[in-house]
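These are the residues of each chain, in order.
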Number of protein chains: 2
Amino acid sequence: MSKAHHRKKHPEAVRQQLLEVAAKLSLEKGPASVTLDAVSQAAGVSKGGLLHHFPNKLSLLDGLFTDLTDKFDRAIADRMRDDPEPKGRFTRAYISVFFLPEGLADGEKWKVLTVALISEPHLRERWRQWVERYLAENVGTDSALDAMLVRYAVDGLWLADLLGSPTMDAPTRAAMLDRLSALTRS
Amino acid sequence: MSKAHHRKKHPEAVRQQLLEVAAKLSLEKGPASVTLDAVSQAAGVSKGGLLHHFPNKLSLLDGLFTDLTDKFDRAIADRMRDDPEPKGRFTRAYISVFFLPEGLADGEKWKVLTVALISEPHLRERWRQWVERYLAENVGTDSALDAMLVRYAVDGLWLADLLGSPTMDAPTRAAMLDRLSALTRS
DNA sequence: GCAAACATACCGTCTAGACGGTTTCTTGTC
DNA sequence: GACAAGAAACCGTCTAGACGGTATGTTTGC
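Small disclaimer: the values here were computed from a predicted structure and weren't measured.

### Side note on the overall build of chain A
Phase 1 of the analysis: From N to C terminus, chain A includes nine helices and zero strands.
Phase 2 of the analysis: Counting helices and strands in the order they occur from the N terminus, chain A gives α-α-α-α-α-α-α-α-α.
Phase 3 of the analysis: By residue count, 35% of the 186 residues in chain A fall in the buried class.
Phase 4 of the analysis: Once local pairs closer than 6 in sequence are excluded, the contacts in chain A between residues at least 24 apart make up 66%.

### Digging into the UniProt feature "domain: HTH tetR-type" (unreviewed entry) in chain A
Phase 1 of the analysis: The UniProt record annotates "domain: HTH tetR-type" (unreviewed entry) at residues 12-72 of chain A.
Phase 2 of the analysis: Each end of residues 12-72 of chain A is marked by a C-alpha atom, and these two atoms are 20 Å apart; helix forms 79% of the span and strand 0%.

### Overview of the interface of chain B and chain A
Phase 1 of the analysis: The interface is formed by 34 residues belonging to chain B together with 34 residues belonging to chain A.
Phase 2 of the analysis: Going through the elements one at a time, α6 (104-119), α7 (124-137), α8 (145-163) and α9 (170-183) of chain B are the ones with two or more residues in the side of chain B that touches chain A.
Phase 3 of the analysis: Counting residues per element, the side of chain B that touches chain A draws most heavily on α8(B), which supplies twelve residues.

### Quick notes on the relation of the copies chain B and chain A
Phase 1 of the analysis: The transformation that overlays chain B on chain A combines an axial shift of 0.0 Å with a rotation of 180°, and the residual RMSD is 0.1 Å. The operation mapping one copy onto its partner corresponds to a two-fold rotation axis.
Phase 2 of the analysis: Interface overlap between copies is the fraction of interface residues in one copy that are interface residues in the other; for chain B against chain A it reaches 100%, indicating a shared surface.

### A look at the packing of helix α5 (residues 89-99) of chain B against α9(B)
Residues and elements named next belong to chain B.
Phase 1 of the analysis: α9 packs onto α5 with a crossing angle of 160° between their chain directions and a minimal axis gap of 9 Å. Classified by the angle between their axes, α5 and α9 sit roughly antiparallel to one another. Viewed along their axes, α5 and α9 form a crossing whose handedness is right-handed. Of the residues in α9, those in contact with Arg 92, Ile 95 and Phe 99 of α5 are Leu 177, Leu 180 and Ser 181.
Phase 2 of the analysis: Counted by class, the contact of α5 with α9 contains four nonpolar, one polar and one charged residues.

### As for the domain arrangement of chain A
Phase 1 of the analysis: Domain parsing of chain A yields domain 1 (1-55) and domain 2 (61-186).
Phase 2 of the analysis: At the junction of the two partners, domain 1 of chain A supplies seven residues and domain 2 of chain A supplies nine residues.

### Some remarks on the nonpolar core
Among soluble globular proteins, nonpolar side chains are generally buried collectively.
Phase 1 of the analysis: Counting residues in each nonpolar core, the largest one holds 85 residues, and the members touching the most others are Ala22(A), Ala153(A), Val154(A), Ala22(B), Ala153(B) and Val154(B).
Phase 2 of the analysis: Top element by residues in this core is helix α8 (residues 145-163) of chain A. It accounts for eleven residues.
Phase 3 of the analysis: In contact with Ala22(B), other than residues within four places in its own chain, are Val34(B), Val39(B), Leu60(B) and Leu64(B).

### Points about α8(B)
Phase 1 of the analysis: An ideal rise of 1.5 Å per residue puts 27 Å on 19 residues; α8(B) measures up with 27 Å between its terminal C-alpha atoms.
Phase 2 of the analysis: Note on α8(B): the residue one or two positions beyond its end, Gly164(B), has a positive phi of about 70°.

### Looking at the UniProt feature "DNA-binding region" (unreviewed entry) in chain A
Phase 1 of the analysis: The positions that UniProt labels "DNA-binding region" (unreviewed entry) are, in the present scheme, residues 35-54 of chain A.
Phase 2 of the analysis: Structurally, residues 35-54 of chain A is divided into 70% helix and 0% strand, and its ends, taken at the C-alpha atoms, are 13 Å apart.

### A few points about the environment of Ala160(A)
Phase 1 of the analysis: Secondary-structure assignment places Ala160(A) in helix α8.
Phase 2 of the analysis: Sequence-wise, Ala160(A) and His53(A) are 107 residues apart; in three dimensions their C-alpha atoms are separated by 34 Å.
Phase 3 of the analysis: If we skip the residues at most four places from it in the chain, Ala160(A) touches Ser165(A), Tyr152(B) and Asp155(B).

### Topic: the environment of Ala42(A)
Residue and element names in this part refer to chain A.
Phase 1 of the analysis: Following the sequence through the fold, Ala 42 ends up in helix α2 (residues 36-42).
Phase 2 of the analysis: Note on Ala 42: 16 C-beta atoms within 10 Å, which makes it partly exposed.
Phase 3 of the analysis: Considered as a pair, Ala 42 and Arg 79 are 37 residues apart in the sequence and their alpha carbons are 34 Å apart.
Phase 4 of the analysis: Contact partners of Ala 42, with chain neighbours within four places excluded, come to Val 21 and Leu 25.

### What about the confidence of the model for chain A?
Phase 1 of the analysis: The pLDDT averaged across chain A works out to 86; a share of 90% of its residues lies at or above 70.
Phase 2 of the analysis: The element-level mean pLDDT for chain A is lowest in helix α6 (residues 104-119) of chain A, coming to 70, with helix α9 (residues 170-183) of chain A highest at 95.

### Some details on the environment of Ser165(B)
Residue and element names in this part refer to chain B.
Phase 1 of the analysis: When you line up the elements, Ser 165 lands in the loop between α8 and α9.
Phase 2 of the analysis: Residue classification places Ser 165 among the buried positions, given that 20 C-beta atoms sit within 10 Å.
Phase 3 of the analysis: For the pair Ser 165 and Phe 72, spaced 93 residues apart in the sequence, the C-alpha separation amounts to 24 Å.

About the thresholds
Residues numbered from 1 in each chain as written. Chains lettered and ligands numbered in written order. Predicted model: local features only at pLDDT ≥ 70, side-chain atom pairs only at ≥ 80, totals over all residues. Helix = DSSP H or I, 4+ residues; strand = E, 2+ residues; numbered from the N terminus. Buried ≥ 20, exposed ≤ 12 C-beta atoms within 10 Å, placed from the backbone. Contact = placed C-beta atoms within 7 Å. UniProt positions renumbered as here; feature names shortened; annotations may be inferred. Least-squares fit on C-alpha atoms with pLDDT ≥ 70 in both. Axes fitted to C-alpha atoms, helices over the stretch in contact; angles between N-to-C directions. Parallel < 35°, antiparallel > 145°, perpendicular 65-115°, else oblique. Left-handed = near helix turned anticlockwise from the far one by under 90°. Nonpolar A, V, L, I, M, F, W, Y, C, P; charged D, E, K, R; others polar. Domains from an automatic or database assignment. Core = buried A, V, L, I, M, F, W, Y, C linked by C-beta atoms within 7 Å. Expected span 1.5 Å × (residues − 1). pLDDT = per-residue confidence, 0-100.

Here it is as structure tokens:
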């Protein structure tokens, strides 16, 4: 009988740990490596323990999705609150969440979401609705052609990052961010 | 003993069929559905037959990669040949291959590549080298900041397509393509 | 004492791949 | 152009292990 059984119980912490481990695994070893065995073991919990928090694998991925989008929602809201200029406000927040150092921690997790989305066709509907909501909420300020273009570029930049494509050097990257930001005001 | 054993042999056709089926499966049912059993069965070949052409699963994915990048290379070269203006020529070819109806057939297959890339960390190195080569080959004409930006936007647009994000209406899409194309000349 | 929070043991299914056999194709030889 | 002989292109079967999930026990907190 393992000691884990005797430790103090922190259900919420364990749940969080499971989600984080699942994210980390998916990022580092590919989505195929996210198995119930691997996740539970890496989180220091038995598989039964995992299945107590998430009754099946899909609900684990679903939990991951909710977790990540919630964090993203909060990060975006924070950024938008600090931006006095209405025009392109959402798009600028979008840029900074992905590419500024403060947003980095969450940016990493975002990669996981894409991986999960691509591997799990089932999650795409949730994704669709989530994007749709964002577009609708900011239709007045961020539906200019260039704003859309900028957001797509951010997505592409981030995909390149995810796939490990050759990276720009720091000055070029900075210039790119400036240019993107400028386009949100044009 | 089945009749299949006695049929005419068309090794190259079978090989191609296997790759196409793998691509189709990955697109429609997610990368997890690309199993040796599923692929071989859908291609009308036994698993042993599949393993004759591709000695293991990784080599199947690798074959898929080669197949797709070759097709892409040719499509890009075709486009570039028809473009008299040197500046941004590669980037414009990049746009058209992804978003013009003639490029659509290959565009579909490109999606598969991303899926494979994300799920298979091993393929990323090949991807990296491939991208690097393209960048190096067109460093004179297509390394302007806006050209990079356009290519990233194309990637993002295509990712949105892949994930089934809400799509633009046709006129907006056309305007977007115009705008992207214009930016390659600025 | 009772429910929540775990652990342990186990099962059916699926998967990648090995293996040995069978049929067709190709090539050299006369 | 006939024919042997090896190479290439398959097929069908089998297996070890991984995986998702179930069933049941044990501990802890209130």
